[in-house]
Structures are given as structure tokens and as C-alpha cells.
Amino acid sequence: MKMTAMLAGGLGAVLAAAVAVSPAPCAISAAEEAEVTEEAGFTISEIPDEIFEKMQGKSYREDCPIPREDLRYLRVLHKNLEGETLEGELVCHETVAEDLVDIFRELYEAGYPIGKIKLADEYDAVDEAMMTDNNTSCFNFRFISHTTKISKHGLGVAVDINTLYNPCTKTVDGERVIEPPAGEPYLDRGQDFPYKIVEGDLCYNLFLEHGFIWGGNWINVKDYQHFELPDEVSDELRARYEM
Ligand SMILES: [Zn+2]
């Protein structure tokens, strides 16, 4: 688990790593220069201009107190159900960037299927649209649904995986809510179906090894798609950003 070190080391550690692997000078952009390329297809960089542009008013709202410098843009590879290799992209908090790249690399190498990994901005940051499309993502500056509290996705320290097949269910004003509604058939976790996350599977084990907790283990809310850092870490970030 690296997150404590990452919190302390932060940007400095990332930049130091980038310098260590920096190639001979050539015509690459500043964003590319900052990449930590441990293996082709898996990179961490600061948020490139064109991505930050795309995030405006969508996943990165005007009232977002998290500075751009504290976020990271990740490129990862993943396999779909047919075993094809696809490229994915995510934005997350720098605290978890290395952990997420490690997790997605291990999932890829094991052939663990992930349908798609696109930025929330491809869906105008509309969570339901993203979940219905079975998208996997991390950062989205938004409230926890049916509350006024910024979600851990808003901090970039929560990840939703294969969302259609791993829905979330909770009770709101006495009524059962399913997110996304199209995920209802997959709430029966006794069934066998593709993309299902279960306790003890590779996805679950990797996230837990890296210090995340799983929403599928919660009692009142069941959020099978959701992995997040525990409150003691996120509270420190909330305090840092006064949110
Ligand atoms: Zn989530």
C-alpha cells in the first residue's frame, strides 16, 4: 500500500520518477515529458491541456476546490470480454495514481474483462449515462446521489468498475433506488454473469491490497461497482481542500 507515502511524497515523488526515466531531449510536449512510463500503455501524467479543456463544466466544475496540479491523467490498457486489448483513460487524485496503474496493469495481464474505461466527460459527467453504458471511471466532481456531500469520486479517490453489471442500490425516503436502473437484473448476486465483482476475485483483491474498501461490503447501501479509499484518508483531503 503506497498511499501514505504518496500523500507525503506527492508530486515531488512523481516528478522524481519521471526524471529517472526521462529520455534524451526530443520534440515531445511538457505533458508527455512528465509521464512515468513503467510499461508501454500504462502512463501517469499531469492533466494535459486538451483533457483539462474537455473536463471544464463537466467532471471539473467551476466550484471544484481541487487544483488541477493535484489530479493525474492515466492511460491504461484493458481487455474486454472478447479478449481484445483496448485503451482506457482515467482522471484521479495523485494520491492513488500509482496504485490505480498497478491495479489496471495486473487486471490487464490477467485478462480480467473491463468493458470500457472512458473519461466521465465523454458522458457529460452524467453518472447514470456512464453506468448504463457499463463505463469504468474515477474522478467526477459530484455529490453522492441523494445527498449534499461531495462523493469520493469528487476527490478522485473512488473507482467504479463495470458499472452496468455491478449496480448500486440504496433506500431513499423509504423507496429502493437502483443505479443505474438498467442494472436491476444484476442485483441478484447469486446468478452467474460476466463482469460480476465478487469478494475474493482478482479485482476485489487488488483494490483491497492497495488500501481501498468495497461498496459491495456495505450494509445499508450496496454499491457493487465501487472501490474507495477509507474515510481517514479522504477526510485528510477534504480538510486540505476545505470541503
Ligand atoms: Zn462509485
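Residues numbered from 1 in each chain as written. Predicted model: local features only at pLDDT ≥ 70, side-chain atom pairs only at ≥ 80, totals over all residues.

Q: Can you help me understand the overall build of the chain in this one?
A: Assigned secondary structure in the chain consists of seven helices and nine strands. Burial analysis of the chain (243 residues in total) assigns 37% to the buried set. Contacts spanning at least 24 positions in sequence make up 59% of the contacts within the chain whose residues lie at least 6 apart. (Helix = DSSP H or I, 4+ residues; strand = E, 2+ residues; numbered from the N terminus. Buried ≥ 20, exposed ≤ 12 C-beta atoms within 10 Å, placed from the backbone. Contact = placed C-beta atoms within 7 Å.)

Q: Help me understand the confidence of the model for the chain, please; the structure alone is not making it clear to me.
A: The predicted structure's coordinates, where accompanied by low pLDDT, should not be read in detail. For the chain, the average pLDDT comes to 88, and 84% of its residues sit at 70 or higher. For residues 1-38, every residue scores under 50 in pLDDT, and the model assigns this stretch 40 contacts once sequence neighbours within four places are set aside. (pLDDT = per-residue confidence, 0-100.)

Q: I would appreciate a short explanation of unusual backbone geometry in the present structure.
A: Across the chain, the bulk of peptide bonds are trans and the bulk of non-glycine residues have phi less than zero. A cis amide bond links Glu 179 with the next residue in sequence, Pro 180, at an omega value of -5°. Within the element layout of this structure, Pro 180 appears in the loop between strand E6 (175-179) and helix H6 (202-209). For Tyr 195, which is not a glycine, the phi torsion comes out positive at approximately 75°. If you trace the backbone, Tyr 195 turns up in the loop between E6 and H6. Judged by C-beta crowding, with 21 C-beta atoms within 10 Å, Tyr 195 ranks as buried.

Q: Explain the packing of helix H4 (residues 94-109) against H6 here, please?
A: Any two packed helices are characterised by the angle at which their axes cross and by the distance between the axes. In contact at an axis separation of 10 Å, H4 and H6 are set at 155° when each is read in the N-to-C sense. Classified by the interaxial angle, the pair formed by H4 and H6 is roughly antiparallel. The hand of the H4/H6 crossing is right-handed. Along its contact with H4, which presents Ile 103, Glu 106 and Leu 107, the element H6 presents Leu 202, Cys 203, Leu 206 and Phe 207. (Axes fitted to C-alpha atoms, helices over the stretch in contact; angles between N-to-C directions. Parallel < 35°, antiparallel > 145°, perpendicular 65-115°, else oblique. Left-handed = near helix turned anticlockwise from the far one by under 90°.)

Q: Is there a simple way to explain the sheet that holds strand E2 (residues 71-79) in this structure?
A: Whether parallel or antiparallel, the strands of a sheet pair through hydrogen bonds between backbone atoms. Ordered by their spatial adjacency, three strands build an open sheet running E1-E2-E3, and the pairing between neighbours is antiparallel. Only two strands of the sheet have a single neighbouring strand rather than two, namely strand E1 (43-45) and strand E3 (85-93). On average, adjacent strands in this sheet sit at an angle of 20° to one another, irrespective of strand direction. In this structure, E2 lies alongside E3, joined through nine bridges in antiparallel fashion. Of the residues in E3, the one forming a bridge with Tyr 73 is Val 91. Together, E1, E2 and E3 form the strand contacts of H4, whose direction differs from that of E2 by roughly 5°. (Pairing = 2+ DSSP bridges.)

Q: Would you explain the nonpolar core in this entry?
A: One recurring pattern in soluble globular proteins is that nonpolar side chains are buried together. Within the largest apolar cluster, 48 residues are counted, with the highest numbers of intra-cluster contacts made by Leu 74, Val 91, Cys 92 and Leu 100. Elements that contribute at least two residues to this core include exactly helix H3 (49-55), E2, E3, H4, helix H5 (127-132), strand E4 (158-160) and H6. Of all the elements, H4 adds the most residues to this core, at eight residues. Other than its neighbours up to four places away in sequence, Val 91 contacts Ile 47, Ser 59, Leu 71, Tyr 73, Leu 119, Cys 138, Phe 139 and Gly 156. (Core = buried A, V, L, I, M, F, W, Y, C linked by C-beta atoms within 7 Å.)

Q: Looking at this structure, how should I read H4?
A: Since one α-helical turn is 3.6 residues long, residues separated by three or four positions face the same way. Given a rise of 1.5 Å per residue, 16 residues ought to cover 22 Å, and the 23 Å separating the end C-alpha atoms of H4 matches this to within 8%. Most of H4 sits out of view: twelve of its 16 residues are buried. Listing the buried residues of H4 in full gives Glu 94, Thr 95, Val 96, Ala 97, Glu 98, Asp 99, Leu 100, Val 101, Ile 103, Phe 104, Leu 107 and Tyr 108. After H4 finishes, the residue Gly 111 shows a positive phi value of roughly 75°. (Expected span 1.5 Å × (residues − 1).)

Q: Would you mind going over the sheet that holds strand E9 (residues 226-228) with me for this structure?
A: Ordered by their spatial adjacency, three strands build an open sheet running E4-E9-E7, and the pairing between neighbours is antiparallel. Each edge of the open sheet is held by one strand with a lone partner, namely E4 and strand E7 (213-214). Judged from the three bridges that link them, E4 and E9 form a sheet pairing that is antiparallel. From the neighbouring strand, Val 159 faces E9, where its bridge partner is Phe 227.

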